[in-house]
Amino acid sequence: MPIQQESMFTTRDIQATDAAHHLHPFTNTGALNAKGARVISKGEGVWLWDTEGNKILDGMAGLWCVNMGYGRQELVDAAAQQMQQLPYYNTFFQTTHAPATALAQEIASVTPGDLNRIFFAGSGSEAVDTMIRLVRHYWSVVGKPYRNIIISRENGYHGSTIGGASLGGMKGMHAQGGPMVPNIEHIRQPYWYGEAGDMNEEAFGKACAQALEERILQVGPDNVAAFVGEPVQGAGGVIVPPANYWREIQAICRKYGILLVADEVICGFGRTGSWFGSQTLGIEPDLITMAKGLSSGYLPIAAVAMSDRVADALIAHDEDFNHGFTYSGHPTAAAVALENIRLMKAENIVDYVGTDIGPYFQQQLRATLAEHPLVGHIEGVGLMAGMALVQDKASRTPFPEDANAGLVCRDHCFENGLIMRAVGDRMVLAPPLVISRSEVDELCEKARHCFDLTLASLKQSE
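Residues numbered from 1 in each chain as written. Predicted model: local features only at pLDDT ≥ 70, side-chain atom pairs only at ≥ 80, totals over all residues. Heavy atoms only, no water.

Chemist: So what exactly am I meant to see when it comes to the packing of helix α15 (residues 349-369) against helix α17 (residues 437-461) here?
Modeler: Helix packing geometry: the angle between the two helix axes and the distance between the axes. The geometry of α15 relative to α17 is characterised by a closest axis approach of 10 Å and an angle of 25 degrees between their N-to-C directions. With respect to each other, α15 and α17 are oriented roughly parallel. As α15 packs across α17, the resulting crossing turns out to be right-handed. Residues Tyr 352, Asp 356, Ile 357, Tyr 360, Phe 361, Gln 364, Leu 365, Thr 368 and Leu 369 of α15 touch α17, and the partners they reach there are Arg 437, Val 440, Asp 441, Leu 443, Cys 444, Glu 445, Ala 447, Arg 448 and Phe 451. (Axes fitted to C-alpha atoms, helices over the stretch in contact; angles between N-to-C directions. Helix = DSSP H or I, 4+ residues; strand = E, 2+ residues; numbered from the N terminus. Parallel < 35°, antiparallel > 145°, perpendicular 65-115°, else oblique. Left-handed = near helix turned anticlockwise from the far one by under 90°. Contact = heavy atoms within 4.5 Å.)

Here it is in structure tokens:
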């Protein structure tokens, strides 16, 4: 239905059309159709409204992406102006255009180290697939095609294409659509609260990094192309590694000469209080994948930034890199991303997250929720946080799987004006970067109320 006619249709009309024709991502479609999808109709700042008039605080910034908030006219205008001049042209056939060129330069200006060359894609999953091909092609052109094993982590998320799903460590995804891409290995994740037992954080961080070295030696150092990880695991539940973890990982990568790749699709563009999570956590990557916050989600766009070492080798190899997408460097998406970065700089958003609202958010979550009977542990950095729901705090005893504690909490949140994501029994928050202190306070109070309701529901079902 045309958007201008939306008001002519009732919520049930839209739900019926949705059920008849729309398959949702990561969704039990039959169950959703029986229930009816919630119809979101408007966004402003950190707030959403549905077609029933309910106002909802978006604690997930859409899908980790609406960093500058909803309703930014500057981004709308950037898209409209570019569409009037050049709505689309490709960057194949030895052509370019100003928006893609300027955006590549702008990204290079904010990436860490010497990541000066940019390859564009349309989504984070496409960026990850591109990175897999770039890494393997790099080793091929430098005369070592046998270095094609890529190591990532259990419970890591790197997108849902066949390449991204293979690289990620989500068992539920591996169970569907296989076989997966070969020559990808997975090691343990650095989830101290859930998996360390009696080890302190430093010892656990070292042990998790040593798992990388053990796997490298197991498969043969000369066969390993790269290690890939999110600075902070996002879709895995916002898992912040121990402080020494990335330092140890980086030393191992350098010891064996393998590439270090930071998947910054979630952590990039201010989420952790730096332009990139690599800067916050002290990582010096050879490649970075990015998407989401690049355009604040207003239009689909993604990129891979690569170091001079990688790019120079590819450029010196006198042959086409046979990879790309119809929408690589899409001019309208690039224009919006350019304006998004300009706004972030003009409004000092990265500094705001790093020194003001990020610390306040972390402080208020703990002050409001840490003592709640359901909350076993809170971890996070900047404007992202994960909270483990437990049956018993002292023993860290989780709820039985069939209790579905996370889903119960998620549903209470949505019914009470808050979007908070459930990852198993970890509750996840990543609000827009423009959230105010008063809105953080309101988010925390809403979360506490929903935890109270969740606790009551779980007790009733025992």
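Chemist: Just to check I follow, could you spell out the pattern of salt bridges for this structure?
Modeler: Once the charged atoms of two side chains with opposite charge are near each other, the side chains can pair. Evaluated as defined, the whole model comprises 13 salt bridges. Across the pair Glu 185 and Arg 215 runs a salt bridge, and its minimum N-O distance is 3.0 Å. One end of the pair, Glu 185, is in strand β6 (residues 184-187); the other, Arg 215, is in helix α10 (residues 201-219), with 30 residues separating them in the sequence. A residue is classified by how much of its surface remains accessible, and Glu 185, at 25% relative accessible area, is partly exposed. With a shortest N-O distance of 2.7 Å, Lys 255 and Glu 213 are connected by a salt bridge. Taken together, the positions of Lys 255 in helix α11 (residues 245-256) and Glu 213 in helix α10 put the pair 42 residues apart, joining distant regions of the chain. Overall, the relative accessible area of 19% leaves Glu 213 in the buried class. A network of salt bridges, in which partner residues are shared, links Arg 72, Glu 74 and Glu 347. (Salt bridge = Lys/Arg side-chain N within 4 Å of Asp/Glu carboxyl O. Buried < 20%, exposed > 50% of the residue type's maximum accessible area, 1.4 Å probe, protein only.)

Chemist: When you look at the side chain of Asp 18 in this model, what are you seeing that I'm missing?
Modeler: Structurally, Asp 18 is set in helix α1 (residues 11-21). A distance of 2.7 Å separates polar atoms of two side chains, one belonging to Asp 18 and the other to His 22. Each residue touching Asp 18, except ones within four places of it in the same chain, is listed here: His 24 and Ala 37. (Polar contact = N/O pair within 3.5 Å; in protein donor to acceptor, adjacent residues only side chain to side chain.)

Chemist: What am I meant to see in the pairing of strand β9 (residues 287-290) here?
Modeler: Two faces belong to every sheet, and in a regular strand the side chains alternate between them. In β9, alternate side chains face the same way, and those of Leu 287 and Thr 289 on one face and Ile 288 and Met 290 on the other are all buried. Of the pairings in the sheet, the one linking β9 to strand β10 (residues 302-307) comprises 4 bridges and is antiparallel in character. Bridged to Thr 289 within β10 is Val 304. (Pairing = 2+ DSSP bridges.)

Chemist: I keep staring at a nonpolar patch on the surface and nothing clicks. Help me out?
Modeler: On the surface, Tyr 88, Tyr 89, Phe 92, Phe 93 and Tyr 327 cluster together into a nonpolar patch covering about 560 Å² of accessible area. Tracing the backbone through its elements, the reader meets Tyr 89 in the loop between α4 (73-85) and α5 (98-110). (Patch = residues over 30% accessible without salt bridge, like charges linked within 9 Å, V, L, I, M, F, W, Y side chains within 5 Å. Areas by Shrake-Rupley, 256 points an atom, 1.4 Å probe, with all protein chains shown as cover.)

Chemist: So what exactly am I meant to see when it comes to the sheet that holds strand β1 (residues 40-44) here?
Modeler: What holds strands together in a sheet is hydrogen bonding between their backbones, with the strands either parallel or antiparallel. With mixed pairing, 4 strands are arranged side by side in an open sheet as β1-β2-β3-β13. Strands at the two margins of the open sheet, each flanked by one partner only, are β1 and β13 (418-419). Bridge count between β1 and strand β2 (residues 47-50): 4 bridges; the pairing is antiparallel. Among the inter-strand pairings, Gly 43 is bridged to a residue of β2, identified as Leu 48. In the packing of α17 onto the sheet, the strands contacted are β2, β3 (55-58) and β13, and the crossing angle to β3 comes to about 105 degrees.

Chemist: Can you help me understand the packing of aromatic side chains in this one?
Modeler: Aromatic rings considered in pairs are described by the distance between their centres and by the relative angle of their planes. Following the criterion strictly, the structure yields 9 aromatic pairs and no others. With a centroid separation of 6.4 Å and an interplanar angle of 65 degrees, the aromatic rings of Phe 26 and Tyr 157 are classed as edge-to-face. Remark: Tyr 157 occurs in the loop between β5 (149-153) and α7 (162-167) and Phe 26 occurs in the loop between α1 and α2 (29-35); sequence separation between them is 131 residues. Given a relative accessible area of 63%, Phe 26 falls into the exposed group. The interplanar angle of 75 degrees and the centroid separation of 5.4 Å between the aromatic rings of Tyr 245 and Trp 246 together place this pair among those described as edge-to-face. For the pair Tyr 245 and Trp 246, a shared accessibility class is recorded, and that class is buried. One aromatic cluster in this structure is built from Phe 227, Tyr 245 and Trp 246. The ring centre of Trp 49 lies 4.8 Å from the NZ or CZ of Lys 42, which sits over that ring. The ring of Trp 192 carries the charged tip of Arg 396 above its face, separated from the ring centre by 4.9 Å. (Phe/Tyr/Trp six-rings, centres within 6.5 Å; stacked < 30°, edge-to-face > 60°. Lys NZ or Arg CZ within 6 Å of the ring centre and 35° of its normal.)

Chemist: Mind showing me how you'd approach the environment of Asn 67 here?
Modeler: Secondary-structure assignment places Asn 67 in the loop between α3 (61-64) and α4. We classify Asn 67 as buried; its relative accessible area is 1%. Apart from the residues within four sequence positions on either side, Asn 67 is in contact with Gly 268, Phe 269, Arg 271, Gly 293, Ser 296, Pro 432, Leu 433 and Val 434. Side chain to side chain, Asn 67 and Arg 271 meet in a polar contact 2.9 Å long.

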